[in-house]
Amino acid sequence: MDNSNVNDTEKWLPQAEKVAINATNTTQAITETSPCAEQTADKRYMQRCLQLAKCGLLGAKPNPMVGAVIVYRGRIIGEGYHAHYGEAHAEVNAFASVKSQDEALLPQATLYVSLEPCAHHGKTPPCADLIIAKGVPRVVVGCVDPYAKVQGRGIEKLRQAGIEVVVGVLEKACLALNRPFMVYQRHHRPYVILKWAQTANGFIDLQQQALAISSPFTQMLSHKLRAECDAILVGKTTDEREHPELNTRHWWGENPRRLVLHRHQPIDQLLSKLYQDQVQTLIVEGGATVHRAFIEANCCDEIHRETAPFTVNNGTKAIDIPPHFVLSKQEIYDGHVLEEFVTEF
Ligand SMILES: NC(=O)C1=CN([C@@H]2O[C@H](COP(=O)(O)OP(=O)(O)OC[C@H]3O[C@@H](n4cnc5c(N)ncnc54)[C@H](OP(=O)(O)O)[C@@H]3O)[C@@H](O)[C@H]2O)C=CC1
Ligand SMILES: Nc1c(N[C@@H]2O[C@H](COP(=O)(O)O)[C@@H](O)[C@H]2O)[nH]c(=O)[nH]c1=O
Ligand SMILES: [Zn+2]
């Protein structure tokens, strides 16, 4: 990174670290701060990794979003993120961004990365090997990679090479950043989002007939969500009554794969099949019977509920939000309340 950043960086350092850096004015500044200050610095740079990782939102999928930062004495000398599936990982891009005059600092620098460095030959060579080759003595990892070919092997490889590895800084945030990837890798099933729109008194249709509950704007948002999912599913009754298109016509991006539950099929069997088909995210738009089936199978990770500002006399009742879900987001557009609920990770 640009040397002119040094003073800016110091402006937002906590007072204790500023004192440490100014007082020592040597290459040991970071290591001579108290363990507490070092922990604060670790969190701050991990926060930066998370910011960078999010730049991969559109391109990284189905890979996780990952960010990496290289720090020498309180100065960021390299940054990178995983921008495109099949291309360079965050660590590779971070090393590539280091200026030639800063290369010599790597043997005294710390590498921060939001996900454990890979140890396998995938579409690119192992990042753990690159880190070892660059001579970085300290690596701070946000969370372990649950991918079967990694699962701690990257951390082990670095430690075997004599590198100090700290694991679990801002761990919850690092895991939450890639919830679909984590569930897909850990549980060998897609990440499941239940989604519906209901009236103010909790009905999803009008006397068992389809009802337009969303506004044009909230419908557009629901098509955006569809575009972020690999597959979309409705129950047999919904399909027969509505012949839904289940596409992304009010947004852009690819249509998800369209699925209808036509006959009673155990949810876990369906999800195993979808895992084999590399479906990482599944949106289940209803109806209530199918929503209930996913909850009962304990296969639901997120719920999106829209509540309109009007009531109807009768219809199919929406399911209740199960007690182990917590509200993670709420927005209101023209009186329509959009809520997102997630399970504890
Ligand atoms: N406002 C909204 O967001 C939405 C509203 N809707 C509305 O909801 C209504 C339909 O909801 P609902 O009556 O609950 O029906 P569903 O659409 O949930 O379909 C239920 C049927 O799916 C079949 N099915 C297949 N596999 C399974 C399984 N593993 N578990 C349970 N059922 C399975 C069953 O058919 P069988 O018994 O024959 O095996 C079951 O009766 C419609 O009027 C529709 O318009 C629907 C989606 C969203
Ligand atoms: N009526 C209703 C929803 N209904 C859901 O959307 C499906 C119709 O999709 P499409 O044919 O692509 O428009 C329908 O089968 C049901 O799953 N969704 C909502 O967000 N808001 C609404 O008001
Ligand atoms: Zn890698």
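Residues numbered from 1 in each chain as written. Chains lettered and ligands numbered in written order. Predicted model: local features only at pLDDT ≥ 70, side-chain atom pairs only at ≥ 80, totals over all residues. Heavy atoms only, no water.

The name an unreviewed UniProt entry assigns to the chain is Riboflavin biosynthesis protein RibD, from the organism Hoylesella shahii DSM 15611 = JCM 12083. Its UniProt record gives the chain a comment under Function (unreviewed entry), which states: "Converts 2,5-diamino-6-(ribosylamino)-4(3h)-pyrimidinone 5'-phosphate into 5-amino-6-(ribosylamino)-2,4(1h,3h)-pyrimidinedione 5'-phosphate." (UniProt positions renumbered as here; feature names shortened; annotations may be inferred.)

Caption draft 1: Spotlight on the pattern of salt bridges. This model, assessed by the stated rule, comprises 19 salt bridges. Residue E285 pairs with R226 through a salt bridge whose shortest N-O separation is 2.8 Å. In this pair, E285 sits in strand β9 (residues 281-286) while R226 sits in helix α9 (residues 216-227), placing the two residues 59 residues apart along the sequence. According to the relative accessible area criterion, R226 is buried, its value standing at 8%. Linked through salt bridges whose partners overlap, the residues forming this network are D42, R138 and E164. (Salt bridge = Lys/Arg side-chain N within 4 Å of Asp/Glu carboxyl O. Helix = DSSP H or I, 4+ residues; strand = E, 2+ residues; numbered from the N terminus. Buried < 20%, exposed > 50% of the residue type's maximum accessible area, 1.4 Å probe, protein only.)

Caption draft 2: Up close: the sheet that holds strand β2 (residues 75-81). Taken together, 5 strands build an open sheet; the order of strands is β2-β1-β3-β4-β5 and the sheet is mixed. Two strands bound the open sheet, and with one partner strand each, they are β2 and β5 (164-167). Strand-to-strand, the axes of this sheet are offset by a mean angle of 15°, without reference to chain direction. Bridging between strand β4 (residues 138-143) and β5 involves 4 bridges; their strand directions are parallel. Opposite V140, over in β5, you have V166 as the bridge partner. (Pairing = 2+ DSSP bridges. Axes fitted to C-alpha atoms, helices over the stretch in contact; angles between N-to-C directions.)

Caption draft 3: The site of ligand 1, seen in detail. Taken together, 24 residues sit near ligand 1, with D205, K236, T238, E242 and T289 positioned nearest. Within the side chain of T237, an N or O atom sits 3.4 Å from an oxygen atom of ligand 1. The protein chains hide 84% of the 930 Å² of surface that ligand 1 would expose on its own. Of all elements in the fold, only β6 (191-198), α10 (236-242), β9 and α12 (288-296) reach the threshold of two or more residues within the shell around ligand 1. A per-element tally of the shell around ligand 1 places α10 first, with 5 residues. Classifying every residue of the shell around ligand 1 gives 10 nonpolar, 8 polar and 6 charged. (Near = heavy atom within 4 Å. Polar contact = N/O pair within 3.5 Å; in protein donor to acceptor, adjacent residues only side chain to side chain. Areas by Shrake-Rupley, 256 points an atom, 1.4 Å probe, with all protein chains shown as cover. Nonpolar A, V, L, I, M, F, W, Y, C, P; charged D, E, K, R; others polar.)

Caption draft 4: Summary view of helix α8 (residues 179-187). Restricting attention to buried positions, one finds in α8 the residues R179, F181, M182, V183, Y184 and Q185. Once α8 finishes, H188 follows within two positions and takes phi at roughly 55°, a positive value.

Caption draft 5: Layout of the coordination of the zinc ion (ligand 3). Within the protein, the atoms that donate to the zinc ion (ligand 3) are H89 (ND1), C118 (SG) and C127 (SG), at distances of 2.0 to 2.3 Å. Spacing between the donor residues of the zinc ion (ligand 3) along the chain follows H-x28-C-x8-C. Residue H89 is located in the loop between β2 and α4 (90-96), and its partner C127 is located in helix α5 (residues 127-134); the two are separated by 38 residues in the primary sequence. Comparing H89 with C127 shows no difference in burial state: the two are buried. (Donors = N, O, S within 2.8 Å, 3.2 Å for Na, K, Ca; no water.)

Caption draft 6: Expanded view of the site of ligand 2. Close to ligand 2 lie 16 residues; K195, I213, S214, E245 and R249 are nearest. For ligand 2, whose accessible area on its own is 520 Å², the fraction buried by protein is 84%. Elements represented by at least two residues in the shell around ligand 2 include exactly β6 and α10. Per-class residue counts for the shell around ligand 2 are 7 nonpolar, 3 polar and 6 charged.

Caption draft 7: Fine view of the UniProt feature "binding site: NADP(+)" (unreviewed entry) in the chain. Following the UniProt record, the feature "binding site: NADP(+)" (unreviewed entry) maps to A197, T238, G287, A288, T289, V290, H291, R292 and A293 here. Take T238: it is sitting in helix α10. The residues contacting T238, other than those within four sequence positions of it, are H243, P244, G286 and G287. Judged by its relative accessible area of 61%, T289 falls in the exposed class. (Contact = heavy atoms within 4.5 Å.)

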